[in-house]
Amino acid sequence: MRIARVVRVDDYPFPISVAVPVGLIINELLSNTLKHAFSGRGEGKIEVSLATSEGGRINLAVSDDGVGPPPGFDINESKTLGLRLVKILAEDQLQGTLEVTSDGGATFKMEFDMGGGGSAG
Ligand SMILES: Nc1ncnc2c1ncn2[C@@H]1O[C@H](COP(=O)(O)OP(=O)(O)OP(=O)(O)O)[C@@H](O)[C@H]1O
Ligand SMILES: [Mg+2]
């Protein structure tokens, strides 16, 4: 199987409290893509982007051009461990937003503040 990777990551010193949950999220979303998105397909593309904006907002997106989420998919209703963990990390740990779209594949988008994982508030 041929997988094309596109990775766009801003070179920015993230605090460890952000880097750890972000790493866990990317790890789960990438393994999901390899596990679910390209079944029965010979090739696919995975894109990871992590962009910082001036106000200290961070946009993280992981997308693929695979089969897309199953019909009726709702990440907020997910009962399986992987995506529940992603939701908890994005919304509770990073105090951010999470949305899933499917336009010829699956796209997971998150937005949070630089200090989102900070315990100091
Ligand atoms: N990139 C993707 N493309 C297509 N379907 C996906 C993708 N990511 C997730 N899914 C769908 O969402 C479901 C839930 O994903 P989730 O990561 O929660 O569970 P899992 O990968 O099956 O098991 P695990 O708990 O071990 O991660 C998957 O079973 C799959 O049907
Ligand atoms: Mg999974």
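Residues numbered from 1 in each chain as written. Chains lettered and ligands numbered in written order. Predicted model: local features only at pLDDT ≥ 70, side-chain atom pairs only at ≥ 80, totals over all residues.

(A) Layout of the confidence of the model for the protein chain. Across the protein chain, pLDDT averages 93, with 95% of residues at or above 70. Summarising per-element confidence for the protein chain, the mean pLDDT is lowest in strand β1 (residues 2-9) (94) and highest in helix α2 (residues 81-93) (98). (pLDDT = per-residue confidence, 0-100. Helix = DSSP H or I, 4+ residues; strand = E, 2+ residues; numbered from the N terminus.)

(B) Main features of the site of ligand 1. Taken together, 17 residues form the shell around ligand 1, and within it Asn32, Thr80, Leu81, Gly82 and Leu83 come nearest. Listing elements by their share of the shell around ligand 1, those giving two or more residues are α1 (16-37) and α2. A breakdown of the residues in the shell around ligand 1 according to their chemical character gives 7 nonpolar, 8 polar and 2 charged. (Near = placed C-beta within 6 Å. Nonpolar A, V, L, I, M, F, W, Y, C, P; charged D, E, K, R; others polar.)

(C) Main features of the packing of α1 against α2. Between α1 and α2, the shortest axis-to-axis distance is 10 Å and the interhelical angle comes to 150°. Of the possible angle classes, the one that applies to α1 and α2 is roughly antiparallel. In this structure, the crossing between α1 and α2 has a hand that is left-handed. Along its contact with α1, which presents Pro21, Leu24, Ile25, Glu28, Leu29 and Asn32, the element α2 presents Gly82, Leu85, Val86, Leu89, Ala90 and Gln93. For the contact of α1 with α2, a count of residues per class yields 8 nonpolar, 3 polar and 1 charged. (Axes fitted to C-alpha atoms, helices over the stretch in contact; angles between N-to-C directions. Parallel < 35°, antiparallel > 145°, perpendicular 65-115°, else oblique. Left-handed = near helix turned anticlockwise from the far one by under 90°. Contact = placed C-beta atoms within 7 Å.)

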